[in-house]
Amino acid sequence: MAAAIQRLDAADIDWFAGPYAFAMPSGPVADAVIGWWKGAFAEAWEANGNQAQATFLVLHGAMVAETDFDVEASVVEWIRTLPGASQVPIYAVLDLHGNISSRFASHMKGVLAYRENPHADACEAAERVVDLMLDAIHRNIRHRVIWRGTNLIWTPSGTGTGSGPMNELEAMARSSENLPGIAGVNVFGGYSYSDMPDTGVSFSVVIESDNAQDTAHQILDALEEQAVEMKAAGTPEADTIEDLKRLLAEKPEGPILVAEPSDNIGAGAPGDGMGLLRIFLKMNLCSAGVIINDPIAVSSLGHIEPGSDVCLMVGGRGSRLDPGLVEIHGRLLDRFNGCFDLEDPRSHLASMSGSR
């Protein structure tokens, strides 16, 4: 949102702010939160005289509420019911993990998704959407979104853009954007752990006029065909502990990073699963470290001086799938308040939490 505002300010255009709210991923959003957002949006819309040349939204694409499987579609449909808003073009920036529906796409004039996962380009994506919206206003372009769903569902670990299938699909999308009448091409890896009717891989093309419809469908045909061909790569098999043992036996230079994606706090998990730590302790890996999110364990150390030996019960509290606490005998090295400045103020984390 900050990147979009900076772009609007630089364009010397009059704009007014509506509500902006976010949360780390978790369970379904309370219906009352969606109701609050609509009320705040309606107030801002009315305060501006029930008129605007365009609307810009920052959305995710896979939001689910208590009684609504497709919040993004419901939001844009609701905006259309406001006085003076039935024909106002709506533009949005989206996460590439969006579970996009035909219903949502039919209401949008311009949608662009992040192109990178991890999401290092969130700001750039928002800027591109603002540029698209401003271009439509100044040049009277009537954008339209043409959407294509698939029957593919890929795990998050299969949607990184540094390898297949996403890097090939993103490369195809970028080359397609050079074709006449094509304003943007999106590859949505989807979010497979969001159990909704539109979960899965999808694509969309933003066209500048109806003359580009045939080109758009050709692009979508090619993307879908490529995705189906690379179907298996979207659900990669995880490495096993035996794979780790073989790697350690080779004595590689430098550190080995082991990721346990199902305990990813960025996707709503508690981050206190003890599976890896149990394995490392059993393997007696003395030079290994595991990051655990356990506020209860941390608070129990509040009166302990750094350098002291401790016995601590850690983790296994947040998920019924974990066997439970692990007893740790160790030494408290240090503590700090958790505040730090992001090295990259344009990162995805900054878009949610600021640069501090």
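Structure: see above.
Note that the structure is predicted; figures quoted are calculated from it, not measured.

Undergrad: Looking at this model, I keep getting lost on the overall build of the protein chain. Mind explaining?
TA: Along its length, the protein chain carries 11 helices and 8 strands. Seen through its C-alpha atoms, the protein chain measures out along the principal axes to roughly 70 × 50 × 40 Å. For the protein chain, with 356 residues in total, the buried portion stands at 39%. Of the accessible surface of the protein chain, which amounts to about 19900 Å², a share of 53% is contributed by carbon and sulfur atoms.

Undergrad: Before we go on, may I ask you to explain the sheet that holds strand E1 (residues 55–58) in this structure?
TA: In any sheet, the strands associate via hydrogen bonds between backbone groups, in a parallel or an antiparallel arrangement. Strand order in the open sheet formed by 3 strands is E1-E2-E3, with parallel pairing between adjacent strands. This sheet does not close on itself; its edge strands, each paired only once, are E1 and strand E3 (110–113). Here the strands of the sheet are splayed against their neighbours by 15 degrees on average, with no regard to which way each runs. Sheet analysis places strand E2 (residues 90–94) next to E3, joined by 4 bridges and oriented parallel.

Undergrad: Explanation requested: the pattern of salt bridges in the structure shown.
TA: Note that side chains of opposite charge can pair when their charged atoms are close. Using the criterion set out here, one finds 17 salt bridges in the structure. For Glu127, the salt bridge is made with Arg7, and the minimal N-O distance between the two is 3.9 Å. Taken as a pair, Glu127 in helix H5 (residues 122–139) and Arg7 in helix H1 (residues 2–10) lie far apart in primary sequence, 120 residues in all. For Glu127, a relative accessible area of 12% gives the class buried.

Undergrad: Which parts of the structure should I look at to understand the sheet that holds strand E5 (residues 182–188)?
TA: Read from one edge of the open sheet, 3 strands run E4-E6-E5, paired in antiparallel fashion. Edge positions in the sheet fall to strand E4 (144–149) and E5, since each has one partner strand and no second. Mean inter-strand twist for the sheet, computed between neighbouring axes without regard to direction, equals 15 degrees. Bridge analysis of E5 against strand E6 (residues 202–207) gives 6 bridges, and the strand direction is antiparallel. Within E6, the position partnered with Val185 by the bridge is Val205. In this fold helix H6 (residues 166–176) packs onto E5 and E6, with an angle of close to 170 degrees to the strand it touches most, E5.

Undergrad: Help me understand a nonpolar patch on the surface in this model?
TA: On the surface, Leu247, Leu248, Ile256 and Val258 cluster together to form a nonpolar patch covering roughly 260 Å² of accessible area. On the basis of relative accessible area, Ile256 is assigned to the partly exposed category, the value being 32%.

Undergrad: Explain H1 to me, please; I cannot follow it from the model alone.
TA: Side chains that are three or four residues apart share a direction in an α-helix, a result of its 3.6 residues per turn. Inspection of H1 places Ala3, Ala4 and Leu8 among the buried residues, and these make up the whole buried set. Looking down the long axis of H1, one finds its buried residues gathered within 135 degrees of arc, a one-sided arrangement. Residues of H1 that are exposed and point more than 90 degrees away from the buried face comprise Ala2, Gln6 and Ala10. Turning to H1, the residues buried within the fold contact E1 and H5.

Undergrad: Help me understand the nonpolar core in this model?
TA: Burial of nonpolar side chains together is a common tendency in soluble globular proteins. Residues Phe41, Phe56, Leu57, Ile79, Phe104 and Met108 are the most contacted members of the largest nonpolar core, which totals 47 residues. Of all the secondary structure elements, the ones that give two or more residues to this core are H1, helix H2 (31–47), E1, helix H3 (71–80), E2, helix H4 (102–105), E3 and H5. With residues near it in sequence (within four places) discarded, Phe104 still touches Leu59, Glu72, Ala73, Val76, Leu94 and Val111. Residues Ile146, Val205, Ala212 and Leu220 belong to the second largest nonpolar core, which totals 20 residues.

The rules behind each value
The numbering scheme is per chain: residues are counted from 1 as the chain's sequence reads. Thresholds applied to this predicted model are a pLDDT of at least 70 for local features of residues and 80 or more for the giving and counting of side-chain atom pairs; totals over whole chains, interfaces and linings are not thresholded and use all residues. Side-chain numbers here rest on the full set of heavy atoms in the structure, without hydrogens or water. Only DSSP runs of H or I covering at least 4 residues are called helices, and only runs of E covering at least 2 are called strands; the numbering of each starts at the N terminus. Exposed residues in this analysis have more than 50% of their type's maximum accessible area, buried residues have under 20%, and partly exposed residues fall in between, with area computed by a 1.4 Å probe over protein chains only. The method behind every accessible area is Shrake-Rupley, applied with a 1.4 Å probe, and residues are considered shielded solely by the protein chains displayed. By the convention used here, strands pair only if DSSP detects at least 2 bridges between them. Helix axes use the C-alpha atoms of the stretch in contact, all axes being lines fitted to C-alpha atoms, and the angles between their N-to-C directions lie in the range 0 to 180 degrees. The salt bridge criterion pairs a side-chain nitrogen of Lys or Arg with a carboxyl oxygen of Asp or Glu, the two atoms within 4 Å. Residues count as neighbours in contact if any of their non-hydrogen atoms are within 4.5 Å of one another. Within the patch definition used here, like charges are joined within 9 Å and nonpolar side chains (Val, Leu, Ile, Met, Phe, Trp, Tyr) within 5 Å, considering only residues with over 30% relative accessible area and no salt bridge. Directions from the helix axis toward the C-beta atoms define the arc. The nonpolar core is taken to be a set of buried Ala, Val, Leu, Ile, Met, Phe, Trp, Tyr and Cys residues, with the residues joined through side-chain atoms within 4.5 Å.

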